[in-house]
Amino acid sequence: MGRPRTNDETVKERLVEAATELFATRPRESITVRALAAAAGAATAAVYTLFGSKDALINEVRARAVGGLFHVLSQVPDSDDPLADIHALSVAYRCWAREHTHLYTVLFGGVQTFDPTGAVGTGDPVRPLLEAIDRALAASTLTGDATSIALSIWVTLHGLVTLELAGALDTATAEAALQSAIPATLRGWSTAEGRPRGRSDTGCI
C-alpha cells in the first residue's frame, strides 16, 4: 500500500481557517509559516506543498473573503426602486460581516486594500452597489459621481460594522443606526425626486 496523503484538502482547509483567524487578530508581519502550520496542526511543509508560499496562502484567504462578500451581495435582487436596493445591499453587507467576522477583518484590515479609484472587476464586491447607484443616477433619484457615492456609503457602513464587531454597538443599536444612517447618506446625493426614507428591514435572518 502507498503512503496515505497527509497534505490533503482537509489540511488545506485547516490552514486557510487558521490563517484567516491569525491575520484577523495579529499583525501580518508577525505571522510566520511555522505559526500558521502550528495553528492548523500541520507540518510547516504543508504550507509549501499545498500553497507554494505564505503569500499564496494569504492570497487564498483574501480570495475567499472577496468571493464570499461578492456572492452575498450579488444575490440581492434588483427592484424598480434602486434606493431600496442600496438599502438591501447595505443590510446584506452588515449581515455577512456579522457571520464572517474574521474574513471581514482580514478583508478590510490589511490583506485587502480598498481602492475606490481602481478598475472594478467582475467579481468585485463593490460592483452590485455601483450597479444600483448607476440605476439610481439613470432614474435621476441620485446625482453625482458613482464612485464617490459608493465610497460615502461604504465609509458609513464600514464605520457602523466595525463598531458593532468591536462590541461598541449592540445589535439593536446597530440596526437602528443602519435604518437612519444609509438614508441620511443617500440624502446628501439625492435629487428632490429621490429623497430616501428610513427603512425598518435592517435585521439579519
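Our structure's up above, just so we're on the same page.
Quantities reported herein were computed from a predicted structural model and do not represent experimental measurements. Counting from 1, residues in each chain are numbered in the order their sequence is written. Per-residue local features are limited, in this predicted model, to residues with pLDDT of at least 70; the limit for side-chain atom pairs, both in listing and counting, is 80 or more; totals at the level of whole chains, interfaces and linings are taken over all residues. Only hydrogens and water are set aside; all other atoms, that is, all heavy atoms of the structure, feed into the side-chain values.

K.L.:
Looking at this model, I keep getting lost on the state of the cysteines. Mind explaining?
P.N.:
Here a disulfide denotes a covalent bond joining the sulfur atom of one cysteine to the sulfur atom of another. Two cysteine sulfur atoms make up a disulfide if the distance between them is within 2.5 Å. Tallying each qualifying case throughout the model produces one disulfide. Between the sulfur atoms of C95 and its disulfide partner C204 the distance amounts to 2.1 Å. The disulfide joining C95 to C204 has a torsion of about -105° about its S-S bond and is therefore left-handed. Taken as a pair, C95 in helix α5 (residues 82-99) and C204 in the segment after α9 (171-187) lie far apart in primary sequence, 109 residues in all. Each residue's exposure class comes from its accessible area (1.4 Å probe, protein chains only) as a fraction of the maximum for that residue type: buried when under 20%, exposed when over 50%, partly exposed otherwise. Assessed through its relative accessible area of 27%, C204 is described here as partly exposed. Counting from the N terminus, the helices are DSSP H or I runs at least four residues long and the strands are E runs at least two residues long.

K.L.:
In this structure, what is going on with the environment of L103? I would like to understand it.
P.N.:
Mapping L103 onto the fold places it in helix α6 (residues 101-107). Every residue pair with non-hydrogen atoms within 4.5 Å of one another is taken to be in contact. Dropping the residues within four chain positions of it, L103 is found in contact with T20, V61, A65 and W96.

K.L.:
Would you mind going over the side chain of E164 with me for this structure?
P.N.:
Within the fold, E164 resides in helix α8 (residues 146-165). With residues near it in sequence (within four places) discarded, E164 still touches R94, R98, L169, T171 and A174.

K.L.:
Could you clarify how one ought to interpret the packing of helix α1 (residues 9-25) against helix α4 (residues 54-74) in this entry?
P.N.:
Pairs of packed helices are described in terms of their axes, by the angle between the two and the distance that separates them. Packing of α1 against α4 brings their axes to within 9 Å, and their N-to-C directions diverge by 80°. With respect to α4, the element α1 is oriented roughly perpendicular. Residue-level inspection shows E13, L15, V16, A19, T20 and F23 of α1 in contact with α4, the latter providing L57, I58, E60, V61 and R64. In terms of residue class, the contact of α1 with α4 is made up of seven nonpolar, one polar and three charged. Geometry is summarised by axes, namely lines fitted to C-alpha atoms with helices restricted to the contacting stretch, and by angles between N-to-C directions that run from 0 to 180 degrees. If an angle is under 35 degrees, it is roughly parallel; if it is over 145, roughly antiparallel; if it lies from 65 to 115, roughly perpendicular; otherwise it is oblique. Throughout, the ten residues Ala, Val, Leu, Ile, Met, Phe, Trp, Tyr, Cys and Pro are labelled nonpolar, Asp, Glu, Lys and Arg are labelled charged, and all others, Gly among them, are labelled polar.

K.L.:
Whenever I open this one, the nonpolar core confuses me. Can you help?
P.N.:
Note on soluble globular proteins: their nonpolar side chains tend to be buried together. Residues belong to a common nonpolar core when they are buried Ala, Val, Leu, Ile, Met, Phe, Trp, Tyr or Cys residues joined through side-chain atoms within 4.5 Å. Of all hydrophobic cores here, the largest spans 36 residues; its most connected members are I86, Y93, L129, I133, L142, I153 and L186. Those elements that provide at least two residues to this core are α4, α5, α6, α7 (127-138), α8 and α9.

K.L.:
Sorry if this is basic, but what is going on with α8 here?
P.N.:
The α-helix advances 3.6 residues per turn, and as a result positions three or four apart in sequence lie on the same side. For α8, built from 20 residues, the straight-helix expectation of 28 Å at 1.5 Å per residue is met to within 8% by its first-to-last C-alpha distance of 28 Å. Against α5, α6, α7 and α9 lie the buried residues of α8. Downstream of α8 by a residue or two, G167 has a phi angle that is positive, lying close to 90°. Helix span, expected: 1.5 Å multiplied by one less than the number of residues in the helix.

K.L.:
Looking at this structure, how should I read unusual backbone geometry?
P.N.:
Keep in mind that most residues, glycine aside, have a negative phi and that most peptide bonds are trans. In this structure, S140 takes a positive phi of about 60° despite not being glycine. Here S140 lies in the loop between α7 and α8.

K.L.:
Would you take a moment to explain the packing of aromatic side chains for this structure?
P.N.:
Aromatic ring pairs: the centre-centre distance and the angle between the two ring planes describe each pair. Put simply, two rings from Phe, Tyr or Trp (the six-membered ring, in Trp's case) pair if the centres are within 6.5 Å, and we call them stacked under 30 degrees between planes, edge-to-face over 60, tilted for the rest. With the rule as written, the count across this model stands at four aromatic pairs. Plain terms: the ring middles of Y104 and F108 are 5.1 Å apart, the flat faces sit at 65° to each other, and that makes the pair edge-to-face. With relative accessibility at 2%, the residue Y104 sits in the buried group. We classify F108 as partly exposed; its relative accessible area is 21%. Through a chain of ring-to-ring contacts, three or more aromatic side chains come together here, namely Y93, Y104, F108 and W154.

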